[in-house]
Amino acid sequence: MTVFLVFIIAVGWLFSYLLDSSVILLFAVFLSIAMSVTSYWFSDKIVLGMAHAKPIEKKDNPELYRIVENLAITAGLPLPKIYIIEEAQLNAFATGRDKNHAVVAVTGGLLEKLDRSELEGVIAHELSHIGNKDMLLSTVIVVFAGIIALLSDFFLRISFLGGRDSDDNKAGALLMVLGIVAAILAPIAAALIKLAISRKREFLADASGALLTRYPEALASALEKIDTDVTPMRKAAHAATAHLFIDSPFNEKQSHNWFVKLFSTHPPVEERIRALRDMKA
């Protein structure tokens, strides 16, 4: 988060210098703060709306409710709100700004195709995201990455309008080229930071969830079923929220190529399963 804030301010400063306008720097700082506040208070509602998730009560699905309730007690967490996503794909996610305003959402396909122990493994994974405060981190990082992309696009457009007056035309031209390069590379760097954080937090949630249930094989088995599921997610899949799910909703076939992994929202499932089964040993 610190890297993102410094990054935004640095990009804003560079273009405010190139265009000789302090207003640009002030705008960049104001926008980053405003978007951060907005994402903190309304992130869960935005994500649930995009996923078309519907809240349920205990009477709607007593078994799911009891699983979430029992695991939340074991984890020392307040009972999160429970939502169902009417999709046949096997998937789930957690969102909310803190443990007192948390939500766990699961797809209908997940409830139909996993047995109880596997479902417990997935719920424990999502509760671990809550306990580890991953939802807030993920949301803030997404917002910062979006801000950088918007600012970079804006700066790229205005770079061609002219730069800072300088007696040294070569120096001025060099600065302008650097500014254009920064505008192009900034959103790529922001996306890579977001994806790297997402992948690390998935490994952590896997390990924490396995410790919570004390049965790593349950989550490993669930991940195998999720990985082999080729059912498309028709309404709830969005690039902005894909990293929140336990597995990519786009059914990406993860490659062993390091460059492909670099731009993946999730670590390869086989690596996650191997790590879980190593915990057993």
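Structure's up top.
Quick caveat: nothing in here was measured; it's all calculated off a predicted structure.

### A look at the layout of surface pockets
The volume enclosed by the second largest pocket comes to roughly 190 Å³. Around the second largest pocket, the lining comprises 14 residues; the ones closest to its centre are Asp44, Lys81, His101, Ala102 and Val103. If you list the elements that add at least two residues to the lining of the second largest pocket, you get helix H2 (22-51) and strand S2 (81-85). For the lining of the second largest pocket, the element with the most residues is H2, which contributes three residues. Within the lining of the second largest pocket, the residues separate by chemical class into seven nonpolar, two polar and five charged.

### Focus on the sheet that holds S2
Spatial ordering of the open sheet is given by S1-S2-S4-S3, a layout of four strands whose pairing is mixed. Of all strands in the sheet, those with a lone pairing partner are strand S1 (53-55) and strand S3 (92-95), marking the two edges. Direction aside, the axes of adjacent strands within the sheet are offset by 25° on average. Bridging between S3 and strand S4 (residues 103-107) involves four bridges; their strand directions are antiparallel. Across the sheet, residue Ala94 finds its bridge partner in S4, namely Val104. On the sheet, helix H5 (residues 116-131) packs against S3 and S4 and is oriented at approximately 20° with respect to S3.

### Some remarks on the packing of aromatic side chains
Scanning the entire structure with this criterion turns up one aromatic pair. Judged by centre distance (5.0 Å) and plane angle (70°), the ring pair of Phe93 and Phe245 falls under edge-to-face. Taken together, the positions of Phe93 in strand S3 and Phe245 in the loop between helix H8 (216-228) and helix H9 (258-262) put the pair 152 residues apart, joining distant regions of the chain. A relative accessible area of 1% places Phe93 in the buried class.

### A word on unusual backbone geometry
Notably, His52 is not glycine yet its phi reads approximately 55°, a positive angle. Relative to the helices and strands, His52 resides in the loop between H2 and S1. Judged by relative accessible area, His52 falls into the partly exposed class, the value being 47%. Residue Arg214 is not a glycine yet carries a positive backbone phi of 60°. Within the secondary structure, Arg214 sits in the loop between helix H7 (169-213) and H8. With relative accessibility at 76%, the residue Arg214 sits in the exposed group.

### Re the nonpolar core
Residues Leu64, Val106, Leu110, Val122, Ile123 and Ile130 are the most contacted members of the largest nonpolar core, which totals 35 residues. Where this core is concerned, the elements lending two or more residues are helix H3 (62-75), S2, S3, S4, H5, H7, H8 and helix H10 (269-280). Considering every element that reaches this core, the biggest residue donor is H5, with six residues. Not counting the four nearest positions on each side in its chain, Val106 is found in contact with Leu64, Tyr83, Ile84, Ile85, Asn91, Ala92, Leu111 and Ile123. If you look at the next biggest cluster of nonpolar residues, it comprises 14 residues, including Val47, Tyr83, Ala236 and Leu244.

### A word on H8
With 13 residues, H8 should cover 18 Å at 1.5 Å per step; its first-to-last C-alpha distance of 19 Å lies within 8% of that length. Within H8 the residues assigned to the buried category are Pro216, Glu217, Ala218, Leu219, Ala220, Ser221, Ala222, Leu223 and Ile226.

### Re the side chain of Glu118
Examined against the element boundaries, Glu118 turns out to sit in helix H5. By relative accessible area, which is 3% here, Glu118 ends up buried.

### Topic: the side chain of Thr241
Summarising the element assignment, Thr241 is placed in the loop between H8 and H9. Given a relative accessible area of 6%, Thr241 falls into the buried group. Excluding residues within four positions of it along the chain, Thr241 makes contact with Val47, Met50 and Ala236.

### A few points about the packing of H3 against H5
Two numbers describe how H3 lies on H5: the axes approach to 10 Å, and their chain directions differ by 50°. In terms of their interaxial angle, H3 and H5 are classed as oblique. Judged by the twist between their axes, the crossing of H3 over H5 is right-handed. On H5, the residues that touch Glu63, Leu64, Ile67, Val68, Leu71 and Ala72 of H3 are Arg116, Leu119, Glu120, Ile123, Ala124 and Leu127. Residue composition of the contact of H3 with H5, grouped by class: nine nonpolar, no polar and three charged.

The rules we used
- Residues numbered from 1 in each chain as written.
- Predicted model: local features only at pLDDT ≥ 70, side-chain atom pairs only at ≥ 80, totals over all residues.
- Heavy atoms only, no water.
- 1 Å grid on protein atoms, 1.4 Å probe; cavity = no way out; pocket = protein on both sides within 12 Å on 5 of 7 lines; lining within 4 Å.
- Points joined across faces, edges and corners; volume = space filled by probe spheres on them.
- Helix = DSSP H or I, 4+ residues; strand = E, 2+ residues; numbered from the N terminus.
- Nonpolar A, V, L, I, M, F, W, Y, C, P; charged D, E, K, R; others polar.
- Pairing = 2+ DSSP bridges.
- Axes fitted to C-alpha atoms, helices over the stretch in contact; angles between N-to-C directions.
- Contact = heavy atoms within 4.5 Å.
- Phe/Tyr/Trp six-rings, centres within 6.5 Å; stacked < 30°, edge-to-face > 60°.
- Buried < 20%, exposed > 50% of the residue type's maximum accessible area, 1.4 Å probe, protein only.
- Core = buried A, V, L, I, M, F, W, Y, C linked by side-chain atoms within 4.5 Å.
- Expected span 1.5 Å × (residues − 1).
- Parallel < 35°, antiparallel > 145°, perpendicular 65-115°, else oblique.
- Left-handed = near helix turned anticlockwise from the far one by under 90°.

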